[in-house]
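As a plain string of letters, each chain reads:
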Amino acid sequence: MDREQEELQFLGFFGIFKESFKIISSWRKIFTQITLSIIIPLSFIFLAHIQISELLFSRIMHNEYALDHTREGTTRYEKLSDILASEWTAFILFKAAYFTFFLILSLLSTSAVVYTIACIYTAKDITFRKVMSVVPKVWKRLMVTFLWNFAIVFAYNIVCLLFFLIWIVLIGPSTIGLLVLLILLCLYFVGFVYISVVWHLASVVSVLEEVYGMQAMIKSKVLIQGKMGVCVAIFLVISSCFIAIELVFEKFVVLGRNSIPLGNRIGFGILSLFLLVLLILFGLVIQTVVYLVCKSYHHESIDKSALADHLEVYLGEYVPLKGKDVQLEQFYV
């Protein structure tokens, strides 16, 4: 990264994308290694989970249909009930295992990319081995931040559900009621996007600063002020691309097994995996660049030498950047 800190604040939507592409292309080797070791397995697990979930669930629905058309008390009914119980157990266990591995790989990939860009930013020598030695110690901080975000989203959904129940009781599906429901849904979407944007930036804060968890969320909330429009636009674009890849995979690979030739399905599967890998890598780099842009916008100078010192692994322990180092003197343009 050859831009001065003062210049980063002027990066807009396209400037952030351009800077992220420049970082990846300039450091192809290290990002290729991170992609091969973490991001490809992460992407493969996500797509494989869609395929396996559909197979398991379609089998459950088939047996549920057969059970509904079988007389109770018969041997066949008892057998189908046992099969369904086993299938639901397998489905739930599979979902739990998927979520666990997906979460771990997501946090590891975030740690690896953020740490790598921090080393690039400070002109430190960076190797894949160094990244992988630091990442397992950094991701624990990200886990705490994720759990706080999960708690916030859970509480947010509970509150929104209460408003929905109030809407059902007091208003109902009348003409005015539908208009009120539309307004509530729009407000819910705005709130959800805002929480998501704060969380993504908080992930970077958790790696590069001493705060994590709720404190990282609060810090992120402060940082995005003044850059909210750009942050939301970037989040919506990346999320839209993610949803598009998922829909293409579901339509042409998962649901196309009876209508699309196997060779074409394999081709769409490989294409979906390739695009998802690129999207995840690009998205992680972008959220780190957004952090640097927000720091610059608020005139918070980051001491590169201090950041470099705190990125070192000291006696096998990761030492995060302290607030007094990252929240240094104000510079003015």
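Our subject is the structure listed above.
Quick caveat: nothing in here was measured; it's all calculated off a predicted structure.

Q: Please explain the pattern of salt bridges as it appears in this structure.
A: When their charged atoms lie close together, side chains carrying opposite charge are able to pair. Tallying each qualifying case throughout the model produces two salt bridges. Residue Lys22 is joined to Glu19 by a salt bridge in which the shortest nitrogen-to-oxygen separation is 4.0 Å. A residue pair is termed a helical-turn pair when its members lie 3 or 4 positions apart in one helix, as Lys22 and Glu19 do in helix H2 (residues 13-26) at three residues. Of the charged contacts, one joins Glu209 and Lys295 as a salt bridge, the two residues approaching to 3.5 Å between their closest N and O atoms. In this pair, Glu209 sits in the loop between helix H6 (175-208) and helix H7 (214-223) while Lys295 sits in helix H9 (residues 262-297), placing the two residues 86 residues apart along the sequence. Relative accessible area serves as the criterion here: at 4%, Glu209 is assigned to the buried category. With a relative accessible area of 1%, Lys295 lands in the buried category.

Q: Teacher, can you tell me more about the state of the cysteines here?
A: Summed over the entire model, instances satisfying the criterion amount to zero disulfides. The closest cysteine sulfur to the non-disulfide-bonded Cys231 is located on Cys294, 4.3 Å from its own sulfur.

Q: Looking at this structure, I do not really get the layout of surface pockets. What am I missing?
A: In this approach a probe as big as a water molecule rolls over the atoms, and the regions it shows empty are the leftover space. The space that makes up the largest pocket amounts to roughly 1,400 Å³. Along the walls of the largest pocket sit 39 residues, with Phe102, Trp199, His200, Phe235 and Phe242 positioned nearest its centre. Sorting the residues of the lining of the largest pocket by element identifies helix H3 (28-68), helix H4 (75-121), helix H5 (128-170), H6, helix H8 (228-254) and H9 as the ones contributing at least two each. Split by residue class, the lining of the largest pocket holds 28 nonpolar, ten polar and one charged.

Quick notes on the rules
Residues numbered from 1 in each chain as written. Predicted model: local features only at pLDDT ≥ 70, side-chain atom pairs only at ≥ 80, totals over all residues. Heavy atoms only, no water. Salt bridge = Lys/Arg side-chain N within 4 Å of Asp/Glu carboxyl O. Helix = DSSP H or I, 4+ residues; strand = E, 2+ residues; numbered from the N terminus. Buried < 20%, exposed > 50% of the residue type's maximum accessible area, 1.4 Å probe, protein only. Disulfide = S-S within 2.5 Å. 1 Å grid on protein atoms, 1.4 Å probe; cavity = no way out; pocket = protein on both sides within 12 Å on 5 of 7 lines; lining within 4 Å. Points joined across faces, edges and corners; volume = space filled by probe spheres on them. Nonpolar A, V, L, I, M, F, W, Y, C, P; charged D, E, K, R; others polar.

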